[in-house]
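Read off the chains here:
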Amino acid sequence: MSLKDRRLSDLRARIPEIAAAEALALQARGALLVDVREDEETVTGTPAGALRLPRGFLELRIEETASDPTRPILLMCAGGTRSLFAAEDLLRMGYGDVRSVTGGFSAWKAAGLPVEVPPQLDAVQRERYRRHLTMPEVGEAGQHRLLRSRVALIGAGGLGSPIALYLAAAGVGRLTLIDDDRVERSNLQRQILHAESRLGQRKVESGRAALLDLNPTIEVVAHDTRLEAANVLDLLAGHDVVVDGSDNLPTRYLVNDACLRLGVPNVYGAIFRFEGQVSVFGGATPGVRPCYRCLFPEPPPAEYAPSCAEAGVLGVLPGVIGTIMAAETIKLLLGLGEPMAGRLLLYDGLRGEFNEIAVPVDPHCPSCSPGASCELTDIAAVCGA
Ligand SMILES: [Zn+2]
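As the structure is a computational prediction, the values presented were derived from the model and not from experiment.

### Description of the overall build of the protein
Okay, so step 1: The helix and strand inventory of the protein stands at 16 helices and 15 strands.
Okay, so step 2: The globule rule puts the C-alpha radius of gyration for 385 residues at 21 Å, and the 23 Å found for the protein is close to it.
Okay, so step 3: Projected onto its principal axes, the C-alpha coordinates of the protein cover approximately 75 × 50 × 40 Å.
Okay, so step 4: In the protein, 68% of the contacts between residues at least 6 apart in sequence involve partners at least 24 apart.
Okay, so step 5: Surface accessibility of the protein: about 17,500 Å² in total, with carbon and sulfur atoms responsible for 54%.
Okay, so step 6: For the protein, the distance from the average position of its 39 positive side-chain charges to the average position of its 48 negative side-chain charges is 5 Å.

### Some points on the packing of helix 1 (residues 3-14) against helix 5 (residues 82-93)
Geometry of a packed helix pair, given as the angle between the helix axes and the separation of the axes.
Okay, so step 1: For the pair helix 1 and helix 5, the least separation of the axes is 10 Å and the interaxial angle reads 60°. In this view, helix 1 runs oblique relative to helix 5, as classed from their interaxial angle. You can see that helix 1 and helix 5 cross each other, and the crossing is left-handed. Listed contacts from helix 5 to Arg-7, Leu-8, Leu-11, Arg-12 and Arg-14 of helix 1 are Leu-84, Phe-85 and Glu-88.
Okay, so step 2: Its residues assigned to classes, the contact of helix 1 with helix 5 comprises 4 nonpolar, no polar and 4 charged.

### Comments concerning the coordination of the zinc ion
Okay, so step 1: Of the protein atoms, only Cys-291 (SG), Cys-294 (SG), Cys-365 (SG) and Cys-368 (SG) coordinate the zinc ion, at distances of 2.2 to 2.3 Å.
Okay, so step 2: One can describe the donor arrangement at the zinc ion as tetrahedral, given that its 4 donor atoms subtend angles of 96 to 124° at the metal.
Okay, so step 3: Mapping the donors of the zinc ion onto the primary sequence yields the spacing C-x2-C-x70-C-x2-C.

### Section: the sheet that holds strand 9 (residues 174-178)
Okay, so step 1: Across the sheet, which stays open at both edges, the 8 strands sit in the order 10-9-8-11-12-13-14-15 with mixed pairing between neighbours. The sheet is open, and its two edges are formed by strand 10 (219-223) and strand 15 (353-358), each paired on a single side. Across the sheet, the mean angle separating the axes of adjacent strands is 15° when strand polarity is ignored.
Okay, so step 2: Bridging between strand 14 (residues 343-348) and strand 15 involves 6 bridges; their strand directions are antiparallel.

### Let's talk about the nonpolar core
Okay, so step 1: Core analysis: the largest hydrophobic core is formed by 39 residues, its most contacted members being Val-151, Leu-167, Leu-175, Leu-211, Val-243 and Met-325.
Okay, so step 2: Here this core takes 9 residues from helix 16 (residues 317-334), the largest share from any one element.
Okay, so step 3: Beyond its immediate stretch of four places on either side in the chain, Val-243 contacts Val-151, Ala-152, Leu-153, Ile-154, Ile-163, Val-267, Met-325 and Thr-329.

Parameters at a glance
- Within any chain, residue numbers begin from 1 and follow the written order of that chain's sequence.
- Totals for whole chains, interfaces and linings use all residues, but because this is a predicted model, local features are given only for residues with pLDDT of at least 70 and pairs of side-chain atoms are given and counted only at 80 or more.
- Derived side-chain values reflect all non-hydrogen atoms in the structure, with water molecules and hydrogen atoms excluded from consideration.
- In DSSP terms, a helix is any run of H or I states spanning at least four residues, a strand is any run of E spanning at least two, and both are numbered starting from the N terminus.
- Radius of gyration: C-alpha atoms only; globule rule: 2.2 Å multiplied by the number of residues to the exponent 0.38.
- In this analysis, two residues are considered to be in contact whenever any of their non-hydrogen atoms come within 4.5 Å of each other.
- We get accessible surface area from the Shrake-Rupley algorithm with a probe of 1.4 Å; when it comes to residues, only the shown protein chains can shield them.
- Charged-residue counts in this description rest on Lys and Arg as positive and Asp and Glu as negative, His and the chain ends being excluded.
- Note on charges: their place is set at NZ of Lys, CZ of Arg, CG of Asp or CD of Glu.
- Here the axes come from fitting lines to C-alpha atoms, over the contacting stretch only for helices, and the angles between their N-to-C directions go from 0 to 180 degrees.
- Orientation labels follow simple angle bins: below 35 degrees gives roughly parallel, above 145 gives roughly antiparallel, 65 to 115 gives roughly perpendicular, and whatever is left gives oblique.
- We call a crossing left-handed when the near helix sits turned anticlockwise from the far one by less than a right angle, and right-handed when that turn is clockwise.
- For this classification, the nonpolar set comprises Ala, Val, Leu, Ile, Met, Phe, Trp, Tyr, Cys and Pro, the charged set comprises Asp, Glu, Lys and Arg, and every other residue, Gly included, is treated as polar.
- Listed donors are limited to N, O and S atoms within 2.8 Å of the metal, widened to 3.2 Å for Na, K and Ca; water is not among them, so incomplete-looking sites are possible.
- Any site counts as irregular unless it has four donors with all angles between 85 and 135 degrees, making it tetrahedral, or four or six donors with opposite ones more than 155 degrees apart and the rest between 65 and 115, making it square planar or octahedral.
- DSSP calls a pair of strands paired once it identifies at least 2 bridges connecting them.
- Side-chain atoms within 4.5 Å link the members of a nonpolar core, which is a set of buried Ala, Val, Leu, Ile, Met, Phe, Trp, Tyr and Cys residues.
- Per-residue accessibility, obtained with a 1.4 Å probe over protein chains only, is compared with the maximum for each type, and a residue is labelled buried under 20%, exposed over 50%, and partly exposed between these values.

Shown next, in the form of structure tokens:
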């Protein structure tokens with residue numbers, strides 16, 4: 001008996017296996033069916049309603065869908081072998097009811113059970129996204145994932161400009177812009193989403209026009225409104241990632257607390273004169289990644305927090321910081337690499353230097369520690385912005 005065979009018979013003795021038809025019945029009763037095959041294997045078809053999560057991402061992303069460790073999970077691969085290995089890892093992670101589908105997708109198809117074929121890119125999309133398609137880390141499946149993604153962007157200003165432009169260009173399928181300002185001439189030194197020809201327009205409308213000109217195949221939803229405790233959950237719900245390009249502290253606290261409530265990751269950035277900072281906060285599981293309040297528990301008194309308008313900002317600086325925020329957003333959407341969580345990236349434009357500091361989860365954080373109220377409140381303007 002080879003080492004592999006010995007290992008498989010050991011797994012078969014420990015991991016419950018079920019037939020494809022039984023998996024379908026359990027799925028109808030609420031079990032999560034996960035197709036762990038690679039992206040190139042699932043382009044021709046996958047069980048209807050199954051979560052497509054390639055083996056390499058399984059442990060990293062399963063919690064985003066299966067936050068309840070008691071929910072039954074049914075793993076499927078092509079023939080029923082890789083799913084056994086995958087099941088062992090999920091059991092080790094702490095999931096209590098994990099089973100492997102015997103015979104995998106071949107058995108599922110042979111039994112005539114429902115299959116769905118993921119949509120294919122058309123010729124124009126293929127041309128537009130060619131430089132993504134040739135990267136194995138993105139590829140056709142990754143591009144589809146971007147096209148299905150929904151990102152909420154707070155602020156269509158300095159940071160929001162490069163973020164929105166790069167996310168639209170990358171093919172993020174739905175971008176929600178939230179801002180209540182008008183385009184003024186003094187914005188144009190850094191807010192490259194807008195233009196002289198659109199002075200006086202609402203920023204979300206000017207932004208929408210620029211983004212659809214760049215990529216008419218995406219959807220841009222414009223909310224010409226200010227985020228408040230009363231509307232923040234409605235506006236941010238239903239998005240995969242929230243990107244905070246706002247320029248004031250009350251909004252940052254509100255966005256942080258709302259994202260924790262919604263379980264959505266929050267890509268944070270801030271700029272000041274020649275300096276900027278970036279981090280990724282929160283996510284599906286509370287307490288795994290730190291939040292904004294783990295770093296800054298409460299807003300500072302008003303006199304210590306000058307607004308961007310008072311302090312000034314080098315025109316290119318939001319481009320540097322916003323572009324990193326866009327990169328973090330795309331990484332989160334694609335499940336690529338390591339998100340910039342648990343650390344704060346600092347950029348010193350005058351020295352041309354990046355540094356980072358660790359941001360641990362604060363066990364007494366007023367927003368994300370166990371038992372924290374996470375109540376949404378409108379903080380009075382602390383920075384005159
Ligand atoms: Zn926290």
